[in-house]
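Understanding the architecture of this molecule
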Amino acid sequence: HPPRTMGNAQVAKAELPDDSDDAGAGATTPNGGLASRASPNGGVLFKFDVPSEKYEVSAPNVTPELTDDGDDEAPRWILEVGDASFPVSDQCRLVSNHQARRIDFFAPGSGVYAVRFHSDEGFAAFTDAYRDALFENTHRMRASDENKEKVYGVGMSAWAQGEDHPDAVWDPTDERPPGDADAAAAA
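Residues numbered from 1 in each chain as written. Predicted model: local features only at pLDDT ≥ 70, side-chain atom pairs only at ≥ 80, totals over all residues. Heavy atoms only, no water.

**Observations regarding the packing of aromatic side chains**
On inspection of all chains with the given rule, the structure shows seven aromatic pairs. Centroid distance phenylalanine 105 to tyrosine 113: 5.8 Å. Interplanar angle 15°. Geometry classified as stacked. Given a relative accessible area of 1%, phenylalanine 105 falls into the buried group. Tyrosine 113 sits in the buried class, given a relative accessible area of 1%. An angle of 55° between the planes, with centres 5.9 Å apart, marks the rings of phenylalanine 135 and tyrosine 152 as tilted. Of the two residues, phenylalanine 135 is situated in helix α2 (residues 120-139) and tyrosine 152 in helix α3 (residues 145-152); the sequence distance between them amounts to 17 residues. (Phe/Tyr/Trp six-rings, centres within 6.5 Å; stacked < 30°, edge-to-face > 60°. Buried < 20%, exposed > 50% of the residue type's maximum accessible area, 1.4 Å probe, protein only. Helix = DSSP H or I, 4+ residues; strand = E, 2+ residues; numbered from the N terminus.)

What follows is the structure, encoded as structure tokens:
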């Protein structure tokens, strides 16, 4: 069957160039203003240059694509971004930064990349789709709520997504975190 695409989805500590450097990568109009973005789910692709220890603009406007080359029983998600194409796995070491709308990742055989998304919506759409693709490739099953409960246990699937379970009840007698002002006053 034809490959499925998940949405229009769309690691180093070096700093990305600021937004003004994006403009220098050919993303400006002849009058000097920023060109319109081709895709709200896209972003600027940077590649880490080892000799200079800096990120350099690789493409001013890319939309990362997640494509399933597997079948219904055995998903096999591939991430394609710029000139890199590789299976989604823990080996990619994808790290996301919501505040900067940025992801950093290792593309096996290609190097270290970063994407700074043009919009919060594009960033959120990609990270949600990537999380599901990673689950499916890792556990060899679709990322349904039922399957997440099989893997993580009842009540823990929300935790695996970074959320509180809707029925979670926190014990008010739990110790307060260190440094909490109320905890210091009670001592």
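The discussion continues.
**Structural notes on the sheet that holds strand β2 (residues 43-49)**
Hydrogen bonding along the main chain pairs the strands of a sheet, whether they run parallel or antiparallel. The sheet built from five strands is open, its strands ordered β3-β2-β9-β8-β7 with antiparallel pairing. The sheet terminates laterally at β3 (54-62) and β7 (95-97), the two strands that pair on one side only. Sheet twist, expressed as the average angle between the axes of neighbouring strands with direction ignored, equals 20°. Strand direction decides the pairing type here: strand β8 (residues 102-107) and strand β9 (residues 111-117), joined by six bridges, are antiparallel. By the bridge assignment, phenylalanine 106 is partnered in β9 with valine 112. The sheet contacts of α2 involve β7, β8 and β9, and relative to β8 the element is tilted by about 40°. (Pairing = 2+ DSSP bridges. Axes fitted to C-alpha atoms, helices over the stretch in contact; angles between N-to-C directions. Contact = heavy atoms within 4.5 Å.)

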